[in-house]
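# Structure assessment
One letter stands for each residue in the lines below.
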Amino acid sequence: MKIKWEDSDGREFSIKVISREFGWSSIAGDKIRYNRAGWVKEIGPVYIKYNRGGWVKEVGSVYIKYNRAGWVKEVGNLYIKYNRAGQVKETTGTVN
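Notes on the structure in this doc start here. (Residues numbered from 1 in each chain as written. Predicted model: local features only at pLDDT ≥ 70, side-chain atom pairs only at ≥ 80, totals over all residues. Heavy atoms only, no water.)

With that settled, consider the environment of valine 17. Checked against the element boundaries, valine 17 lands in the loop between strand S2 (12-16) and strand S3 (22-24). Apart from the residues within four sequence positions on either side, valine 17 is in contact with Met1, Ile3, Trp71, Val72, Ile80, Tyr82 and Val88. (Helix = DSSP H or I, 4+ residues; strand = E, 2+ residues; numbered from the N terminus. Contact = heavy atoms within 4.5 Å.)

Next up, the structure:
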């Protein structure tokens with residue numbers, strides 16, 4: 001499952017709940033900046049922060065949290081619940 005959202009200027013962001021693969025798009029005129037590890041740290045005015053494991057933990061004002069298995073459990077105010085097989089069984093809330 002991929003969770004997608006966009007900021008007020010139209011930049012799109014996404015994260016896959018199991019693999020933690022992070023995606024993004026920029027708009028015309030955006031400067032992309034990278035940190036020392038080569039990860040994107042800024043897209044225009046939007047800052048990207050990572051945890052010690054290298055997983056995205058914050059995109060602008062949207063926080064991303066993970067469960068013990070390393071799967072995404074929260075994106076902003078969107079909550080994800082899994083069944084015992086590791087499949088998404090329910091989502092509640094919205095990304096904001």
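All right, on to the sheet that holds S3 then. The sheet built from three strands is open, its strands ordered S1-S2-S3 with antiparallel pairing. A single partner strand is all that each edge strand has here, and the edge strands are strand S1 (2-6) and S3. Each neighbouring strand pair of the sheet contributes to a mean axis angle of 15 degrees, computed without reference to strand direction. Examined bridge by bridge, S1 and S2 share five bridges and lie antiparallel to one another. Bridge assignment links glutamate 6 to a residue of S2, and that residue is glutamate 12. (Pairing = 2+ DSSP bridges. Axes fitted to C-alpha atoms, helices over the stretch in contact; angles between N-to-C directions.)

Under the definition given, this model contains five aromatic pairs. Ring centres 4.9 Å apart and planes at 50 degrees place the aromatic pair tryptophan 71 and tyrosine 82 in the tilted group. Of this pair, tryptophan 71 sits in the loop between strand S8 (62-66) and strand S9 (72-75) while tyrosine 82 sits in strand S10 (residues 77-82), placing them eleven residues apart in sequence. (Phe/Tyr/Trp six-rings, centres within 6.5 Å; stacked < 30°, edge-to-face > 60°.)

With that out of the way, let us pick up the side chain of aspartate 30. Structurally, aspartate 30 is set in the loop between S3 and strand S4 (32-34). At 2.7 Å, the side chain of aspartate 30 and the side chain of arginine 11 are in polar contact. At 3.0 Å, the side chain of aspartate 30 forms a polar contact with the backbone nitrogen of isoleucine 27. In contact with aspartate 30, other than residues within four places in its own chain, are Arg11, Ile43, Gly44 and Pro45. (Polar contact = N/O pair within 3.5 Å; in protein donor to acceptor, adjacent residues only side chain to side chain.)

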